[in-house]
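Results of the structural survey
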Amino acid sequence: MNLPRIVCPNKKSLLQSFTGRTVAVRVNSPDLAEEAVAHVRESGNNLFCVIIEFNSPLDDIEFRENQKNIPLAIMVPSLGKFRNLVKHLNMLRDFNLRVYLSCDNHENLVGLRILSSVGIHSCAVFGNGKNDWEALCDLMTYAVLERAPHASIEPFTFIASHYDPFSYLEWSSIHFDDPKHFLHLDAKGRVALSHAELSKKKFIAQSISEIVVTAEFPAIRRRTQAWKRYFVNNHPCASCRGWKVCLGKFAVDVPRNNGCSAFFLEMIEVARQHKAQKAQKAQAEEGRIWQP
């Protein structure tokens, strides 16, 4: 197994405590993005992206031209007013960024579709028990099957592109929460399996140096194999037909609210249609007569 990427705060001394790793740096202001990039380079590590956790709407961010080539994950509570954002669309389309919006309210679902339609890549962040699964089905179908040009909306694009009917699909890395791919550090260098667990101070190691072989580290191994407990405990999720693309991510809502089951069944069907469309397109390309 390759070494997981590191997600950590923008602290120069912390970044210099390890080297040769691929790093996603968290900042709370767009103004700190360039500083974060410089800190990663000076430390001898490689930049994966800068995660901007901004407490104001997207339309409040003033992007600068010299941030254009920085890979950005922008996490904001809402889109804001589109009439304010539209002034910057030409510049934003040239940026290497993805906007993360929570699905907990309907306005953000509309915002994700708007961003996609104007060429801005985005990602839906699922809430805890507040998801409107019907509205998410509509958004997912648009993201995957809409033929008009539009930017990707994750995790739907990823799931549709990687779906395999004969295997399970783990897509938590889209949200930086798969310990096979990402480990989270606090300002002291202590290690957590996810950002949520970092916030709760649930650490698995005092330093990244303690984790030599990722696949064999007990806490990581337990987490990556946690899906097995649903079968051992005969959990309702284990018999769900959408299991292979969900893996129990919404088990806390079952059986009180199992709208997730219908959603992931629909996701599987949309993924199949997406695969069929790609096959038809490839066949059409092969059959096209050459042009002089």
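Here we summarise the structure given alongside this text. None of these values were measured; they are calculated from a predicted model. (Residues numbered from 1 in each chain as written. Predicted model: local features only at pLDDT ≥ 70, side-chain atom pairs only at ≥ 80, totals over all residues. Heavy atoms only, no water.)

Focus: unusual backbone geometry
The criterion, for reference: Put simply, DSSP marks the helices as runs of H or I at least four residues long and the strands as runs of E at least two long, and each gets a number from the N terminus on. Summary of the burial criterion: residues with accessible area below 20% of their type's maximum are buried, those above 50% are exposed, and those between are partly exposed, where the area comes from a 1.4 Å probe applied to protein chains only.
For the peptide bond that leads from Glu 154 to Pro 155, omega is 5°, which places it in the cis range. Here Pro 155 is to be found in the loop between β7 (153–154) and α7 (156–162). Residue Phe 176 is not a glycine yet carries a positive backbone phi of 65°. Along the chain, Phe 176 falls in the loop between α7 and β8 (182–185). The class of Phe 176 is buried, set by a relative accessible area of 3%.

Some words on the sheet that holds strand β5 (residues 97–102)
Note the following rule: A strand pair is defined by DSSP finding two or more bridges across the two strands. Any two residues whose heavy atoms approach within 4.5 Å at even a single point are treated as in contact. Comment: axis = line fitted to C-alpha atoms, over the contacting stretch for helices; angle = value between 0 and 180 degrees taken between N-to-C directions.
Taken in spatial order, the 9 strands line up as β7-β6-β5-β4-β3-β2-β1-β8-β9 in an open sheet, and their pairing is mixed. The two strands at the open ends of the sheet, each matched to only one other strand, are β7 and β9 (191–192). Here strand β1 (residues 5–9) pairs with strand β2 (residues 22–27) via 4 bridges, running parallel. Paired with Pro 9 across the strands is Arg 26, a residue of β2. Running over the sheet, helix α5 (residues 106–117) touches β5, β6 (122–125) and β7 and is turned about 160° from β5.

Quick notes on the environment of Gln 277
Structurally, Gln 277 is set in helix α11 (residues 259–287). On a C-alpha basis, the gap between Gln 277 and Leu 183 in space is 36 Å, while along the polypeptide they are 94 residues apart. With residues up to four places along the chain from it excluded, the contact list for Gln 277 reads Leu 145 and Arg 147.

A word on the nonpolar core
Condition: By nonpolar core we mean a set of buried residues, namely Ala, Val, Leu, Ile, Met, Phe, Trp, Tyr and Cys, connected to one another through side-chain atoms within 4.5 Å.
Counting residues in each nonpolar core, the largest one holds 86 residues, and the members touching the most others are Leu 58, Leu 72, Phe 156 and Phe 264. Considering each element in turn, this core owes the most residues, 10 residues, to helix α6 (residues 133–145). Once residues lying within four places of it in the same chain are set aside, the contact partners of Leu 72 are Ala 33, Val 50, Ile 52, Phe 63, Gln 67, Phe 95, Asn 96, Leu 97 and Arg 98. One finds Tyr 230, Trp 243, Leu 247 and Ala 251 within the second-largest nonpolar core, a separate group that totals 5 residues.

Details of the packing of α5 against α6
Convention followed: Should an angle fall under 35 degrees it is taken as roughly parallel, and over 145 as roughly antiparallel, whereas 65 to 115 is taken as roughly perpendicular and any remaining angle as oblique. Note that Gly is not counted as nonpolar here; it falls among the polar residues with everything else outside the nonpolar set of Ala, Val, Leu, Ile, Met, Phe, Trp, Tyr, Cys and Pro and the charged set of Asp, Glu, Lys and Arg.
At a closest axis distance of 10 Å, the pairing of α5 and α6 adopts a crossing angle of 10°. Taken together, the axis directions place α5 and α6 in an arrangement best described as roughly parallel. Here α5 contributes Leu 109, Leu 112, Arg 113, Ser 116 and Ser 117 to the contact with α6, which in turn contributes Ala 135, Leu 136, Asp 138, Leu 139 and Tyr 142. Here the residues of the contact of α5 with α6 are counted per class, giving 6 nonpolar, 2 polar and 2 charged.

Regarding a negative patch on the surface
Let me state the cut-off plainly: A residue counts toward a patch only above 30% relative accessible area and without a salt bridge, and it is joined to like-charged neighbours within 9 Å or, for Val, Leu, Ile, Met, Phe, Trp and Tyr, to nonpolar neighbours within 5 Å. Residue exposure ignores everything except the shown protein chains as possible cover, and the areas themselves are Shrake-Rupley values with a 1.4 Å probe. Within this document, salt bridges are pairs made up of a side-chain nitrogen of Lys or Arg and a carboxyl oxygen of Asp or Glu, the two lying within 4 Å of each other. Neither His nor the chain ends contribute to the count of charged residues, in which Lys and Arg are positive and Asp and Glu negative. For this purpose, a charge sits on NZ of Lys, CZ of Arg, CG of Asp or CD of Glu.
On the surface, a cluster of negative charge is contributed by Asp 132, Glu 134, Asp 138 and Glu 266. Of note, Asp 138 is situated in helix α6.

Topic: the pattern of salt bridges
Under the definition given, this model contains 10 salt bridges. Close ionic contact of Arg 64 with Asp 31 constitutes a salt bridge, the shortest N to O distance being 3.1 Å. With Arg 64 in the loop between β3 (46–53) and β4 (72–75) and Asp 31 in the loop between β2 and α2 (33–43), this pair connects stretches of sequence that are 33 residues apart. Between Arg 223 and Glu 197 there is a salt bridge, with its nearest N and O atoms 2.7 Å apart. Highlighted residues: Arg 223 in helix α9 (residues 218–224) and Glu 197 in helix α8 (residues 195–199), separated in sequence by 26 residues. Take Glu 197: its relative accessible area is 13%, and that puts it in the buried class. One salt-bridge network, held together by shared partners, links Asp 31, Glu 34 and Arg 64.

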